[in-house]
Amino acid sequence: MAHAVVIGAGIGGLTAALALAHKGWEVTILERAPSIEPVGAGLAVAPNALRALDVIGVGDEVRKLSAIQGQSGVRLPDGRWLARTIAEDAAARYGDPIVLLTRSALVGILAGRLPHRALRVNTPVESVDPATGRVVVAGTAEAFEADLVVAADGIRSRIRSALFPGHPAPVYAGVTSWRAIVPLPGVTGASETWGRGLIFGVMPLAGGQVYCYATATVPPGLRAADERDELLRLFGRWHDPIPALLEAADPAAVLRHDIHSLDVPLPALHRGRIALLGDAAHPMTPNLGQGACQAMEDAVVLADRVSPGGDPAAGPATGLPAGLSAGLSAGLSAGLAAGLSAGLAAGLAAYSRERLARTTPIVRRSRAICRLTRWRNPLAVALRDGAMRAAGWLGPNVALRQGDEIFAWTP
């Protein structure tokens, strides 16, 4: 039985482990943290990601947690709508809802399906050899021999840096973010409110909870003594239910992180026996809600392409940025030289080709939206808001069509 080592037990790593196990691989997951109790608040599982989860048999379990109903869209700080859709209309268009849930709920669903003893926590990785698949555990003499290594070690991936040492690192996107889960029953519609350099999102969860997120255009590295007080200062006079949500928030549960994006796509998402996945492969801003969704897509595509019976020729061969095709060919040649089987080498090259073509436009589009949210000049903001309002006048289908390229994806 072929053996895969997955480095990182986040959403992408867990999904990859389950997808590979579903294809008959023996899987070992190495997680540096002492447990997989997740860091984070909430996340969106869009229709494209639900279809990815269907591949590993957990899509319906996630669908049961859907809580968004009624009107959703973009608002002004005084509460007026700039653009809106009906959640039920979006679900009808794409065949599925967007499910908002806590990160812990999704981690629990995925971890509960792992093969017995597949997960090793408190196991940091010191090094990985792309030629042999040897994974060395830090501070010990322990090592794993893998036919395939999946690097799902996050936005600051050490493995990405080792594989592509001259490649530009993710850069600060110009905004910091706050996230919190707040108990406040009765909130049903999702909304994102745009101000001058400020954003506040309200996303209802099951069980009377609400996932809140906010961004502000500030220099990197800033922190407040009390982040909830900082949110009240910035958003406390915005429309309902934002003030009530902030008053109900536990100050200790408000998370703050600067946002980064990989503006220059990698030349390939693999080298030798190592495949990069999720934030390790294509860090993006959260403006399209696709970070975790694309990691889940990565996972099921990778498992299919590298497994017997998969289609290593599948996926689009066009749409790659200039220069990437040469990198993929070089990656394939390097893989064959390292002793990979022709099938595994071709599968990894197909994974790189397909996922770069899919994720590169999404990273760029999300980054472009992030730039719009940073605008603070009153005239520029008025023009931006006017354009969104005009698009809203054309009807909800105009807004819904903007999601077709992303949400209509199927494995």
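Residues numbered from 1 in each chain as written. Predicted model: local features only at pLDDT ≥ 70, side-chain atom pairs only at ≥ 80, totals over all residues. Heavy atoms only, no water.

The protein chain goes by FAD-dependent oxidoreductase in an unreviewed UniProt entry, where it is assigned to Microbispora hainanensis.

Peer 1: I would appreciate a short explanation of the overall build of the protein chain in the present structure.
Peer 2: On a plain count of helices and strands, the protein chain comes out with 14 helices and 18 strands. Within the protein chain, the proportion of its 411 residues that are buried is 53%. In the protein chain, the proportion of contacts linking residues at least 24 apart, taken out of those at least 6 apart, comes to 76%. Accessible area of the protein chain: about 17200 Å², with a carbon and sulfur share of 56%. (Helix = DSSP H or I, 4+ residues; strand = E, 2+ residues; numbered from the N terminus. Buried < 20%, exposed > 50% of the residue type's maximum accessible area, 1.4 Å probe, protein only. Contact = heavy atoms within 4.5 Å. Areas by Shrake-Rupley, 256 points an atom, 1.4 Å probe, with all protein chains shown as cover.)

Peer 1: Looking at this structure, how should I read the packing of aromatic side chains?
Peer 2: For any pair of aromatic rings, the description consists of the separation of the ring centres together with the inter-plane angle of the planes. Applying the stated criterion across every chain, the model contains four aromatic pairs. Here the aromatic rings of Tyr-94 and Phe-407 are separated by 5.2 Å at their centres, their planes lie at 75°, and the arrangement is edge-to-face. On the criterion of sequence distance, the pair formed by Tyr-94 in helix H4 (residues 87-94) and Phe-407 in helix H14 (residues 404-407) is long-range, its members being 313 residues apart. Ring pairs connect the aromatic residues Phe-200, Phe-235 and Trp-238, which therefore count as one cluster. Lying over the aromatic face of Trp-81, Arg-75 brings its terminal NZ or CZ to 4.6 Å of the ring centre. (Phe/Tyr/Trp six-rings, centres within 6.5 Å; stacked < 30°, edge-to-face > 60°. Lys NZ or Arg CZ within 6 Å of the ring centre and 35° of its normal.)

Peer 1: Got a minute to help me understand H4 in this structure?
Peer 2: Residues that lie three or four places apart on an α-helix share one face, since the helix turns once every 3.6 residues. Of all the residues in H4, the buried ones are Ala-87, Ala-90 and Tyr-94. Axial view of H4: buried residues confined to an arc of 60°, hence all on one face. The positive-phi residue at the C-terminal boundary of H4 is Gly-95, with phi of around 80°. (Arc of directions from axis to C-beta.)

Peer 1: Before we go on, may I ask you to explain the nonpolar core in this structure?
Peer 2: When a protein is soluble and globular, its nonpolar side chains tend to lie buried together. In terms of nonpolar packing, the biggest core is built from 81 residues, with Leu-20, Val-45 and Leu-106 touching the most fellow members. A total of nine residues in this core trace back to one element, the largest contributor, which is helix H9 (residues 291-305). Not counting the four nearest positions on each side in its chain, Leu-106 is found in contact with Ile-11, Leu-43, Val-45, Leu-53, Val-62, Leu-101 and Met-296. Core analysis: the next-biggest nonpolar cluster, separate from the first, contains 20 residues, Ala-214, Leu-231, Trp-238 and Leu-246 among them. (Core = buried A, V, L, I, M, F, W, Y, C linked by side-chain atoms within 4.5 Å.)

Peer 1: What is the right way to read the sheet that holds strand E13 (residues 191-194) from this model?
Peer 2: Within a sheet, adjacent strands bond to each other through the backbone by hydrogen bonds, running parallel or antiparallel. The strand order across the open sheet built from seven strands is E5-E4-E13-E14-E15-E12-E16, with neighbouring strands paired in mixed fashion. A single partner strand is all that each edge strand has here, and the edge strands are strand E5 (81-86) and strand E16 (255-261). Across this sheet, the average inter-strand angle for adjacent strands is 20°, counted without regard to direction. The sheet contact formed by strand E12 (residues 171-183) and E16 spans six bridges and is antiparallel. Following the sheet pairing, Tyr-172 is matched in E16 by His-260. Where helix H12 (residues 378-393) meets the sheet, its contacts fall on strand E4 (71-75), E5 and E13, and the angle it forms with E5 comes to roughly 35°. (Pairing = 2+ DSSP bridges. Axes fitted to C-alpha atoms, helices over the stretch in contact; angles between N-to-C directions.)

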